Amino acid sequence: EKLVINLNKPVSFGELYTAYANEVQQLIYLGNEDNNIIKMKQLMIEKPKDWQITLQNICTTCGIKLVYTPPLPKAPINGATRWLSGKYPLIQMSEKQKNYNVFWFSFFHEIGHILLHGKKDIFLENIEYDDKVLTKENEANEFATKIICE
C-alpha cells in the first residue's frame, strides 16, 4: 500500500512523518518474492563483484540512503544511522572495515535502528552510551543477529 495524501484534508507533519516511516518499513519487509531483506541477505551470501553498488540500489528502493564514508582516524565506528530532515533514513558505513562479516553485521544493525527506534536519535556503533541508548544498541544487535542467522 502506497502513501496517499489527500490534498483536501490538512495533514500534520507528525502524520506525514509516521506515514513515511511506515512506508520505509513496508518497503524493507515486503511479504513476497520482492522482500528486500531477502535480497540483502542473498547479496551477502553470493558476494558478487559489485555488491556495494547493488546494496545501495536495494536501499534506494526502500527509501534509505546508503553511503560509504572514509574512516575517521582512530575512530571505532563501523556504521551510523540518522534521519535527514526527519524524513529520510541515512546509513553511513565506514570503509575502514575490511572484514566482510563485520560489515554485514554492522549494516543489519543499522537497519535495525531504522525499523525499531526513533527518528531523532543518531546511532554510532562501538560508542559507550547510557542505559537507555545501550538498550537500543542491544536491540539493534539482536535484530542483526536474527536477520543474519535465520
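Numbering of residues starts from 1 in every chain and runs along the sequence as written. For this predicted model, a pLDDT threshold of at least 70 governs which residues receive local features, and a threshold of 80 or more governs which side-chain atom pairs are given and counted, while totals over whole chains, interfaces and linings are taken from all residues. Working from all heavy atoms in the structure, the side-chain values ignore hydrogens and water.

Draft legend 1. Expanded view of helix α2 (residues 36–46). Among all positions in α2, only Asn 36, Ile 37, Met 40, Lys 41, Leu 43 and Met 44 are buried. Summarising the axial view, the buried residues of α2 lie within an arc of 155°, below the 170-degree limit, and thus occupy one face. Along α2, the residues that are exposed and aim more than 90 degrees away from the buried face are Ile 45 and Glu 46. After α2 finishes, the residue Lys 47 shows a positive phi value of roughly 50°. Relative accessibility decides the category of a residue: with a 1.4 Å probe and only protein chains considered, values under 20% of the type maximum give buried, values over 50% give exposed, and everything between is partly exposed. Secondary structure elements are taken from DSSP: a helix is a run of H or I of four residues or more, a strand is a run of E of two residues or more, and numbering for both begins at the N terminus. Throughout, the arc means the angular range of directions from the helix axis out to the C-beta atoms.

Draft legend 2. Representation of the packing of helix α3 (residues 51–61) against helix α4 (residues 100–116) within the structure. Interaxial distance between α3 and α4 falls to 14 Å at its minimum, and their mutual angle equals 5°. As judged from the angle between their axes, α3 and α4 are roughly parallel. Contact residues: Trp 51, Leu 55 and Cys 59 in α3; Tyr 100, Phe 103, Trp 104 and Phe 107 in α4. Partitioned by chemical class, the residues of the contact of α3 with α4 number 7 nonpolar, no polar and no charged. Under this scheme, a helix contributes an axis fitted over its contacting stretch, all axes are lines through C-alpha atoms, and angles between N-to-C directions fall in the 0 to 180 degree range. Angles below 35 degrees are treated as roughly parallel, those above 145 as roughly antiparallel, those between 65 and 115 as roughly perpendicular, and all remaining angles as oblique. Contact definition: two residues touch when any of their heavy atoms are within 4.5 Å. Note on residue classes: Ala, Val, Leu, Ile, Met, Phe, Trp, Tyr, Cys and Pro are nonpolar, Asp, Glu, Lys and Arg are charged, and everything else, Gly too, is polar.

Draft legend 3. Spatial organisation of the packing of α2 against α4. Contact geometry for α2 and α4: axes closest at 11 Å, N-to-C directions at 170°. Taken together, the axes of α2 and α4 are roughly antiparallel relative to one another. Residues Ile 37, Met 40, Lys 41, Leu 43 and Met 44 of α2 touch α4, and the partners they reach there are Tyr 100, Trp 104, Phe 107, Phe 108 and Ile 111.

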